[in-house]
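Coordinate analysis (summary)
Residues per chain are reported as follows:
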Amino acid sequence: MKKAQIVVLPGDGIGPEVAAAGVAVLRAVAERFGHQFTFTEHAIGGDAIDRFNDPLPQATRDALLACDAILLGAVGGPKWSDPSAKIRPEQGLLAMRKLLGVFANVRPLKLHPRTAALSPLKPERTQGVDLVFIRELTGGIYFGAKTRSETDATDECRYSVEEVERVARHAFELARTRRRKVTSVDKANVLETSRLWRSVTTRVAADYPDVTLEHQLVDSMAMHLLTHPADYDVIVTENMFGDILTEEASVLAGSLGLSPSASIGGPGAGIYEPIHGSAPDIAGQSVANPLGTILSAAMLLRHSLGLPDEAATVEAAVDHVLEQANLTRDLGGTASTHDVTRAVLDAIEAKAEAA
């Protein structure tokens, strides 16, 4: 039996709806497999600003440092989007990542036959797409020194050898469990931080002779993701490039609502969340796709709790739901958030009984 303390951060917009779906699935897994998961809910983002005037209140920080894993809904929205505001929801995300030291954001992308037709790319371009992004998460321009005056502004992009090496090793280790290919993305023809990035990843590659390393410039990579996405296995890159490229890649699946992510690697608990935003325009209507969050819960089971069989059961249940066309409107269906969640729960129960 596995005991785990899980912090739930519903956040903003549709965050509470999809987070509830993730919790329901984790509760079902605990019941079916004989585990004991305890859930506590805390504030982050715009919700936390409204309630506590702090995007990551002290009570949330304390809970994050004491838990085994974190399930996050979504953060942000137009209500708090004033660029001149000194307190913004996204500051809660950055502060949480820094607090926990999670330096690797893992975003898998594998197309399901049912949703491949929804991709804006031709079927022959998306066939066989099965890749994982490893985005460095706690360095680079988002965490560098910043200045602002009436006439100019600066954002410092800084990386150390240690920061690049640890995320590169994470990528190579993952590639060893997959197709043994790493693509490192940089802008080494222009940026000094990218030249450091390329030299360090090249050095690290020597320790993994069984894994092939290739380098790509970020601009050409943006093109190749749309023209030859099936060529890639594990893609590793710095913070800002990863932020942009993963959003581009997400459209290959046909909907942002299908894509999970994990932020891991540090001494603190891992953070698991769908890659979509808070979508306030559909909040409270039970039309949000919960599958990205449910698949994030599967990653939580695998990476933070060490329960690969349980994770595989959840992933198989999602595949079953997609095959049966229990789809929300972003995937061309009419099912509600509750309907899809219920279908996943039923599939988990059926697969657990059959095991």
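Note: the structure precedes this text.
Residues numbered from 1 in each chain as written. Predicted model: local features only at pLDDT ≥ 70, side-chain atom pairs only at ≥ 80, totals over all residues. Heavy atoms only, no water.

**Things to note about the side chain of Glu17**
For Glu17, the location among the structural elements is in helix H1 (residues 15-33). One buried charged side chain, Glu17, makes no salt bridge at all; its nearest oppositely charged neighbour is Arg329, positioned 10 Å away. (Helix = DSSP H or I, 4+ residues; strand = E, 2+ residues; numbered from the N terminus. Buried < 20%, exposed > 50% of the residue type's maximum accessible area, 1.4 Å probe, protein only. Lys, Arg positive; Asp, Glu negative; His and termini not counted. Salt bridge = Lys/Arg side-chain N within 4 Å of Asp/Glu carboxyl O.)

**Section: the nonpolar core**
Leu26, Phe37, Ile134 and Leu301 are the most contacted members of the largest nonpolar core, which has 65 residues in total. Each residue touching Leu301, except ones within four places of it in the same chain, is listed here: Leu26, Val29, Phe37, Gly306, Leu307, Glu310, Ala311 and Val314. (Core = buried A, V, L, I, M, F, W, Y, C linked by side-chain atoms within 4.5 Å. Contact = heavy atoms within 4.5 Å.)

**Side note on the sheet that holds strand S4 (residues 104-110)**
The strand order across the open sheet built from 10 strands is S2-S1-S3-S12-S11-S4-S5-S10-S8-S9, with neighbouring strands paired in mixed fashion. Each edge of the open sheet is held by one strand with a lone partner, namely strand S2 (36-41) and strand S9 (212-217). Strand after strand, the sheet turns through a mean of 20° between neighbouring axes, direction not considered. Pairing of S4 with strand S11 (residues 260-264) involves three bridges; the strand directions are antiparallel. (Pairing = 2+ DSSP bridges. Axes fitted to C-alpha atoms, helices over the stretch in contact; angles between N-to-C directions.)

**Quick look at helix H12 (residues 308-323)**
When the terminal C-alpha atoms of H12 are compared, their 22 Å separation across 16 residues agrees well with the 22 Å that a helix rising 1.5 Å per residue should span. Every buried residue belonging to H12 is among Glu310, Ala311, Thr313, Val314, Ala317, Val318, Val321 and Leu322, and all of these are buried. Residues of H12 that are buried in the fold lie against H1, helix H5 (113-116), helix H11 (291-303) and helix H13 (337-354). Backbone geometry just downstream of H12 places Ala325 in the positive-phi region, at approximately 60°. (Expected span 1.5 Å × (residues − 1).)

**Points about the packing of H1 against H12**
Pairs of packed helices are described in terms of their axes, by the angle between the two and the distance that separates them. Remark: H1 packs on H12, axes separated minimally by 11 Å, with the N-to-C direction vectors making an angle of 125°. When the axes of H1 and H12 are compared, the pair comes out oblique. Relative to H12, H1 is oriented so that their crossing is right-handed. Counting all contacts with H1, which are made through Val25, Val29 and Phe33, the residues of H12 involved are Glu310, Thr313 and Val314. (Parallel < 35°, antiparallel > 145°, perpendicular 65-115°, else oblique. Left-handed = near helix turned anticlockwise from the far one by under 90°.)

**Focus on the pattern of salt bridges**
A full pass over the atoms with the stated rule returns 20 salt bridges. The salt bridge partner of Glu165 is Arg169, with a shortest N-O separation of 3.1 Å. Placement of both Glu165 and Arg169 in helix H7 (residues 161-176) is noted, with a separation of four residues, approximately one turn of the helix. Accessibility expressed as a relative area gives 25% for Arg169, which makes it partly exposed. A salt bridge links Arg198 to Asp186; its shortest N-O distance comes to 3.0 Å. Remark: Asp186 occurs in strand S8 (residues 181-186) and Arg198 occurs in helix H8 (residues 192-205); sequence separation between them is 12 residues. Linked through salt bridges whose partners overlap, the residues forming this network are Asp130, Arg178, Arg179 and Asp233.

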